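Overview (structure and organization)
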Amino acid sequence: MTIKERVRLYTTKAAIKSALKVLPKISDERWLSIIKGRVYKLKNKEERDFLENLLVNLKKAIVDMSPAVRDKVVMNLINNAMIQGQPKRKAFAQKHGMNPPNHLVISPTMKCNLKCYGCYAWQYSKKDDLPYDVCNRVIREANDLGIYFFVITGGEPFCWEHLYDFLERHHGSFFQIYTNGQLIDKKVAARLAELGNAVPCISMEGFEKETDARRGKGAWNNIMNAMDNLKEAGVLFGYSVTAVRDNNDMVVSDEFVDLFIEKGAFVGWYFNYIPIGREPDMNLMPTPEQRDHRRQRILEIRKTKDIIAADFWNDGPLVNGCMAGGKNYLHINVNGDVEPCVFVHFAADNIKEKSLEAVLTSDFFKAFRKRQPYNENHLRPCSIIDNPQVLRDIVAECGAYATHDGAETIVTDLAKDLDKYSEDYGKIADPTWAKEYAPKEEEEEAV
């Protein structure tokens, strides 16, 4: 790193620290100008607009957060992850000809206090956790590559005995935790407020009827109490929902979204049901028409409501297709197997045996990246449900192994059904892409 680059990073960090002290009084324009060199370099206008919206909403939200949360959001999530880590990321790119991912997903335990039907994680072993020293090594190695944002999933992360020590130990990183919310009492919320570097995202199926039907009686009330506890303690939090055929329209309704805005949620994550895990069922998947309706509603929510809404499948245009295979992220499961995606249960390497850098540059992950985007239509980003032949080809080409019993059905028993779904969805997505998205990309390329 040159002296000029060091000075720039130092002055940027100093400017952000100064801004943190007077954050409520800073205009949105001034706030963005402090980090605009990083934000506006994004070529994709949709991605740039989303990121700017995220930063502005973060600024508004953290005013009411605990001092530790306010500090960690700004200094870890923005300063470390988006700015200070850039020279390390640049060095990795120069060495390997590829950028490192911007975040990692880790499942340190599969222990859970619930048994939800259709859970993608159901088939993983619940006997042993990922060794704690391995978890810590992964974070250290990721930091060395300029990665400071991590997602903890499972299992139920709040059943993991090392959770709080882990968050405290890696105080320079920021974590999003997917949780069922059943264990977040006032004491837990207070601990998170003290640590400051974690955002819980609480999973549900809809309203009380739908959530309790899958998670057990009382689950909904526990979630409502958990959100109240987090808001009172000054912890940033969100909600997460898996869209299935029966709840797809409900979970993007004004009534649903407005409830969680009122509860104080900062972000809402949407995931399309994928036929993996316990007794996979194609009939649970939202229809192609329902998936497109959810896409339209997410765009409307972003424009009209004070919440960040994100859809793991419909937001392909934000990330130029698929994020998997180390392009933007990867998943380390409880056994140490490094999967290209949380929903792709195949691996060729184990993090217990290899460094993160070695896994990222492996033939298996290269096979994904050299094919990305799999489709010129970024509304069809996925190698599982949109371009299923891609996943079948990569698994065969690299000799990847299934990471649990039954994982192979996604490329065997369900192959014909997934091909049919992909074809049917394409009849909706392709005209939409040509009309609503392709012209914007052409304009950006011309600039």
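Residues numbered from 1 in each chain as written. Predicted model: local features only at pLDDT ≥ 70, side-chain atom pairs only at ≥ 80, totals over all residues. Heavy atoms only, no water.

1. Observations concerning the sheet that holds strand 6 (residues 267–272)
Applied cut-off: For two strands to be treated as a pair, DSSP must find no fewer than two bridges joining them. The helix and strand labels rest on DSSP assignments: H or I over at least four residues marks a helix, E over at least two residues marks a strand, and numbering proceeds from the N terminus. In this description, contact between two residues means that some pair of their heavy atoms is separated by no more than 4.5 Å. To obtain an axis, a line is fitted to C-alpha atoms, over the contacting stretch when the element is a helix, and the angle between two such axes runs from 0 to 180 degrees between their N-to-C directions.
In spatial order, the strands read 7-6-5-4-3-2-1-8-9; together these nine strands make up an open sheet with mixed pairing. Both edges of this open sheet fall to strand 7 (308–311) and strand 9 (338–339), since each of them pairs with a single strand only. In this structure, strand 6 lies alongside strand 7, joined through four bridges in parallel fashion. Bridge assignment links Tyr270 to a residue of strand 7, and that residue is Asp311. Against the sheet, helix 11 (residues 254–263) touches strand 4 (198–204), strand 5 (238–243) and strand 6, its axis set at about 155° to strand 5.

2. Describing the side chain of Asn350
For clarity, the cut-off: Polar contacts, as used here, are pairs of N or O atoms within 3.5 Å; protein pairs need one atom able to donate a hydrogen and one able to accept it. Residues neighboring in sequence count only if both atoms are side-chain atoms.
You can see Asn350 is positioned in the loop between strand 10 (346–347) and helix 13 (356–360). Only 3.0 Å separates the side chain of Asn350 from the backbone oxygen of Asn335, close enough to count as a polar contact. In this structure the side chain of Asn350 is engaged in a polar contact, spanning 3.2 Å, whose partner is the side chain of Asp337. Non-local contacts of Asn350, meaning those with residues more than four positions away in its chain, are made with Asn335, Gly336, Asp337, Val338 and Tyr401.

3. Some remarks on helix 15 (residues 388–398)
As a reminder of what qualifies: The rule is simple: take the accessible area with a 1.4 Å probe, protein chains only, and divide by the maximum for that residue type; under 20% is buried, over 50% is exposed, in between is partly exposed.
Looking only at helix 15, the buried set comprises Pro388, Val390, Leu391, Arg392, Ile394 and Val395. One or two positions beyond helix 15, positive phi appears at Gly399, with a value near 65°.

4. Details of the environment of Gly326
By the secondary structure assignment, Gly326 is in the loop between strand 7 and strand 8 (331–332). A C-alpha to C-alpha distance of 6.5 Å links Gly326 and Phe365, two positions 39 residues apart in sequence. If we ignore the near neighbours within four places in the chain, the residues touching Gly326 are Asn99, Pro100, Pro101, Leu360, Phe365 and Arg369.

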